[in-house]
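Chain and residue survey
One letter stands for each residue in the lines below.
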There are 2 protein chains.
Amino acid sequence: MKDRNISLAVIRRLPKYHRYLKELLDNDIKRISSKELSKIIGFTASQIRQDLNNFGGFGQQGYGYNVEDLYNEIGKILGLTRNYNTVIVGAGNLGQALANYSSFDRLGFNLKGMFDINPKIIGLTINDVKVIDMDSFETFVNDNNVEIVYICTNRDGAQDVADRIQKTNIKAIWNFAPIDLKVREDIIVENVHLIDNLLTLSYFLKE
Amino acid sequence: MKDRNISLAVIRRLPKYHRYLKELLDNDIKRISSKELSKIIGFTASQIRQDLNNFGGFGQQGYGYNVEDLYNEIGKILGLTRNYNTVIVGAGNLGQALANYSSFDRLGFNLKGMFDINPKIIGLTINDVKVIDMDSFETFVNDNNVEIVYICTNRDGAQDVADRIQKTNIKAIWNFAPIDLKVREDIIVENVHLIDNLLTLSYFLKE
DNA sequence: TAGATTGTTAATCGATTAACAATC
DNA sequence: TAGATTGTTAATCGATTAACAATC
């Protein structure tokens, strides 16, 4: 697995491969060619072969790809061979929604705690996970080997959380606040900017 | 505004311009050059000028861009000069979270109703919006000139909703289910594939 | 006017597609 | 073996960056 200098465009396609291969697997399909996969996933066969060959030769000439093997390989590339401890900061509606997503847990993202500053929310239990006072954030995440924080605060609280994260062993942030966080280079940030997404939709809608 | 053949890459940057210009506006900054904007937004000055010139010459040589004008122009391009009626299908945690987002309403996306098939949820009122039985979906959306549906069902229900949408006057779908919907060409679909996003994060985290 | 900065053309860079030899 | 399909190189296409004349 010679993954280096892989472009972001390729990486962002990987979860989609993973999703479609899972579906093929569930339908008991044993093998697939880049041409057949192209038809269902919507990438060109050429692109599929190029993408996969960034990580190794997973196919076999004249045969195609073994669905199960390829699914597992892509899972490995995506880091799904181990578990990750996570916490949510901001136990409002969105935080609670994420806490209830069972698919994250199934993929190995294990929610260890939720944090808030609102006394009315602190102490609640959501999907078996306690909402804790933000005061104990730093000790909790370090004691529990938490690697990923989902930031579900509002815009104004998000950078404060990011600042506190930088004093802990947290390695990655999944940010849902509508702001671009300023953090150290070595902290990974993935943004879900809902409003940006909605505005892209309205761009196309505005005939 | 000669917008045609604009690449998706450009369009997806527009909401970010909109967001940063709003911030400048809030800070009473009257004008900005592509060079200064480059520093705060992180795109090159050259790219900023190229992007904006896809839609018209909004700047002035020797001066830069008027922040307020540019903000308004980008708002226009993004379709923010009118309101859109919306509904949510799937009034679970995520649906409720979206219903409580005030920023969508502020931008002109007005939530008119929420739908579910669960009798325990039907009849609830969330942020002043009623949860209605999915049985009345088609009549409701047509009677209320609804243009956008947020799909917040699980994976399995999403395509069924999409199929029913195609028999109404709905023009766009904001899809949160982890599936690529099959719909007519003229229906606009924007996906928020949370799991894809999380897996991109774990790709980088898996050292 | 001189300085600054745009709008726009040209150059470069990167990503996608096409082609085909290798080989199962 | 013949047919199919990969892995990979080459060609094309598109997006980003650089450069600079136009002009405020």
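Sequence positions are assigned chain by chain, starting from 1 and proceeding in written order. The naming scheme follows written order: chains are lettered A onward, ligands numbered 1 onward. Only residues with pLDDT of 70 or above have their local features reported here, since the model is predicted, and side-chain atom pairs are shown and tallied only from 80 upward, although totals for entire chains, interfaces and linings are computed over all residues.

What follows concerns the overall build of chain A. If you tally the helices and strands in chain A, you get nine helices and ten strands. Looking at chain A as a whole, 37% of its 207 residues qualify as buried. Only DSSP runs of H or I reaching four residues or more are called helices, and only runs of E reaching two or more are called strands; each is numbered from the N terminus. Residues are called buried when their C-beta atom has 20 or more other C-beta atoms within 10 Å, exposed when it has 12 or fewer, and partly exposed otherwise; all C-beta atoms are positioned from the backbone.

Here we take up the domain arrangement of chain A. As used throughout, domain bounds are those supplied by an automatic or database domain assignment. What the domain assignment lists for chain A is domain 1 (8-77) and domain 2 (84-197). The C-alpha-based centres of domain 1 of chain A and domain 2 of chain A are spaced at 32 Å.

This next bit is on the interface of chain A and chain B. What counts as a contact here is a pair of residues whose C-beta atoms, placed from the backbone, lie within 7 Å. Each partner contributes to the interface: chain A provides 41 residues, whereas chain B provides 41 residues. Of all the secondary structure elements, the ones that give two or more residues to the side of chain A that touches chain B are helix H1 (8-26), helix H5 (93-99), helix H6 (102-107), strand S9 (172-175), strand S10 (188-191) and helix H9 (194-205) of chain A. Of the residues forming the side of chain A that touches chain B, the biggest block, twelve residues, is contributed by H9(A). Note that Gly is not counted as nonpolar here; it falls among the polar residues with everything else outside the nonpolar set of Ala, Val, Leu, Ile, Met, Phe, Trp, Tyr, Cys and Pro and the charged set of Asp, Glu, Lys and Arg. Of the residues in the side of chain A that touches chain B, the class split is 24 nonpolar, nine polar and eight charged.

Let us now look at the protein's contact with DNA strand C. Whether a residue is near a molecule or strand depends on its C-beta atom, generated from backbone atoms, being within 6 Å of that molecule or strand. Close contacts around DNA strand C come from 27 residues, with Ser7(A), Gly62(A), Gly57(B), Gly59(B) and Gly62(B) the closest. Looking at the surface near DNA strand C, the element that brings in the most residues is helix H3 (residues 45-53) of chain B, giving six residues. Taken together, the residues of the surface near DNA strand C sort by class into six nonpolar, 19 polar and two charged.

What follows deals with the sheet that holds strand S8 (residues 148-151) of chain B. The strand order S6-S7-S5-S4-S8-S9-S10 (chain B) describes an open sheet built from seven strands, whose pairing is mixed. Strands at the two margins of the open sheet, each flanked by one partner only, are strand S6 (125-126) and strand S10 (188-191) of chain B. Here a strand pair is declared whenever DSSP counts at least two bridges between the two strands. Pairing geometry for strand S4 (residues 84-89) of chain B and strand S5 (residues 109-116) of chain B, over six bridges, is parallel. Across the sheet, the residue bridging to Val89(B) is Phe115(B), located in S5(B). Every axis corresponds to a line fitted to the C-alpha atoms, with the helix fit spanning only the stretch in contact, and the corresponding angles, defined between N-to-C directions, vary from 0 to 180 degrees. Strand contacts of H9(A): S4, S5, strand S9 (172-175) and S10 of chain B, with the helix running at about 170 degrees to S10(B), the strand carrying the most contacts.

All names here are of chain A. Examined against the element boundaries, Ala45 turns out to sit in helix H3 (residues 45-53). Residue class for Ala45 comes out partly exposed when judged on the 14 C-beta atoms lying within 10 Å of it. Between the C-alpha atom of Ala45 and that of Glu23, which follows or precedes it by 22 residues, the distance is 18 Å. Discounting residues that sit within four places of it in the chain, Ala45 has contacts with Ser34, Lys35 and Ser38.

Turning our eyes to something else, we now look at the UniProt feature "binding site: NAD(+)" (unreviewed entry) in chain A. Residues and elements named next belong to chain A. According to UniProt, the positions carrying the feature "binding site: NAD(+)" (unreviewed entry) are Gly90, Ala91, Gly92, Asn93, Leu94 and Gly95. With respect to the helices and strands, Gly90 occurs in the loop between strand S4 (84-89) and H5. Assessed through the 26 C-beta atoms surrounding it within 10 Å, Gly90 is described here as buried. Within the fold, Gly92 resides in the loop between S4 and H5. UniProt positions are given in the numbering used here, feature names are shortened, and annotations may be inferred rather than shown by experiment.

Let's shift gears to the UniProt feature "domain: CoA-binding" (unreviewed entry) in chain A. The sites that UniProt annotates as "domain: CoA-binding" (unreviewed entry) are residues 79-180 of chain A. With 30% helix and 28% strand, the stretch residues 79-180 of chain A has end C-alpha atoms that lie 25 Å from each other.

A few words now on the protein's contact with DNA strand D. Close to DNA strand D lie 27 residues, the nearest being Gly57(A), Gly59(A), Gly62(A), Ser7(B) and Gly62(B). Counting residues per element, the ones that place at least two in the surface near DNA strand D are helix H2 (34-41), H3, strand S2 (59-60) and strand S3 (64-66) of chain A together with H3 of chain B. Sorting elements by how many residues they give to the surface near DNA strand D places H3(A) first, with six residues. Looking at side-chain class alone, the surface near DNA strand D contains six nonpolar, 19 polar and two charged residues.

This next bit is on the relation of the copies chain A and chain B. Overlaid copies result from least-squares superposition on C-alpha atoms, with residues included only where pLDDT is at least 70 in both. Take chain A, turn it by 180 degrees, move it 0.0 Å along the axis, and it overlays chain B with an RMSD of 0.0 Å. Read as a symmetry element, the transformation amounts to a two-fold axis. An overlap of 100% is found between the interface residues of chain A and their copies at the interface of chain B, pointing to a shared contact surface.

Let's shift gears to unusual backbone geometry. Despite not being glycine, Asn145(A) shows a phi value in the positive range, around 50 degrees. With respect to the helices and strands, the residue Asn145(A) is situated in the loop between helix H7 (137-143) and strand S8 (148-151). Judged by the 10 C-beta atoms lying within 10 Å of it, Asn145(A) falls in the exposed class. In this structure, Asp128(B) is a non-glycine residue whose phi angle is positive, near 70 degrees. As for its placement among the helices and strands, Asp128(B) is situated in the loop between S6 and strand S7 (129-133). Looking at Asp128(B), the number of C-beta atoms within 10 Å reads 7, which means it is exposed.

All names here are of chain B. Spatially, three strands are ordered S1-S3-S2 in an open sheet, and the strand pairing comes out antiparallel. Bordering the open sheet on either side are strand S1 (31-32) and strand S2 (59-60), each of which pairs with just one other strand. In the sheet, S1 pairs with strand S3 (residues 64-66) via two bridges, with the strands oriented antiparallel. When the sheet's bridge partners are listed, Arg31 is paired in S3 with Asn66.

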